[in-house]
Amino acid sequence: MATLLHVVRSAVAPVTRTRAFRAVAPRALPPVERALARLTRGRFQLSAVLVPSLVLHTTGARSGEPRDTYLMYTPLGAGRLVVAGTSFARDRHPAWTYNLLAHPDAAVSIRGRRYPVRATLVEDDAERDAVWERIEAQWPGYRAYERDSGRVVRLFRLERAGRPV
């Protein structure tokens, strides 16, 4: 099964780096993910068919309002995972990264189960390279989003900060 998944990811990954995908996906995918979340009570995400996916629950950096974002993640083991602020290679950091910088205590929902997490920005160059290697082992060529965006993508390590909510 792992080999089949790797083959499928390798075939789909280049499509996600096309201009057409980058133009359509930021507008089309979030409403689809929200609709599926309502229908399945958060147990299914479209993106989870190909990669581990979660809902990141943050507090708005300026508004203080609750915000939910659907993201791919890469497991790091021992209750830790990493998320990348690629934003489909846009030239601006996604809003959720500002939220985590302002309010690092957040939560994630994975397959309908919600967990509190503490976010830490990965800043050390050696650690960033190691994290990118793990991400690209999961999704080939994903770091191209960073190169194409013209900015240093924010990587956040999320560590479980308690029991499921």
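Relevant structure appears above.
About the thresholds
- Residues numbered from 1 in each chain as written.
- Predicted model: local features only at pLDDT ≥ 70, side-chain atom pairs only at ≥ 80, totals over all residues.
- Heavy atoms only, no water.
- Phe/Tyr/Trp six-rings, centres within 6.5 Å; stacked < 30°, edge-to-face > 60°.
- Helix = DSSP H or I, 4+ residues; strand = E, 2+ residues; numbered from the N terminus.
- Buried < 20%, exposed > 50% of the residue type's maximum accessible area, 1.4 Å probe, protein only.
- Lys NZ or Arg CZ within 6 Å of the ring centre and 35° of its normal.
- Expected span 1.5 Å × (residues − 1).
- Bend = angle between axes of the 7 residues up to and from the residue.
- Arc of directions from axis to C-beta.

**Student:** Could you give an account of the packing of aromatic side chains, with specific residues and numbers?
**Tutor:** Overall, the coordinates contain 4 aromatic pairs when judged by the stated rule. Judged by centre distance (6.0 Å) and plane angle (55°), the ring pair of Trp96 and Phe156 falls under tilted. Placement of the pair is Trp96 in helix α3 (residues 95-102) and Phe156 in strand β7 (residues 155-160), with a sequence separation of 60 residues. Note on Phe156: relative accessible area 1%, which makes it buried. Chaining the aromatic ring pairs together yields one cluster made of Phe88, Trp132, Tyr142 and Tyr145. Here the basic side chain of Arg154 rests over the ring of Tyr98, its NZ or CZ set 4.5 Å away from the ring centre.

**Student:** For helix α2 (residues 19-40), give the residues involved together with the corresponding values.
**Tutor:** The first and last C-alpha atoms of α2 sit 31 Å apart over 22 residues, in line with the 32 Å expected at 1.5 Å per residue. Roughly 50° is the biggest bend found in α2, and it falls at Ala25, with proline Pro26 one to four residues downstream. Among the residues of α2, Arg22, Ala25, Pro26, Glu33 and Ala37 are the ones counted as buried. Just downstream of α2, Arg41 is the residue with a positive phi angle, here 55°.

**Student:** Go over α3, please, and point to the residues and values.
**Tutor:** Side chains three or four residues apart in an α-helix point the same way, a direct result of the helix having 3.6 residues per turn. Taken residue by residue, α3 has Trp96, Thr97, Asn99 and Leu100 as its buried positions. What you see down the axis of α3 is that its buried residues fit within an arc of 155°, all on one side.

That is the geometry; function is a separate question.
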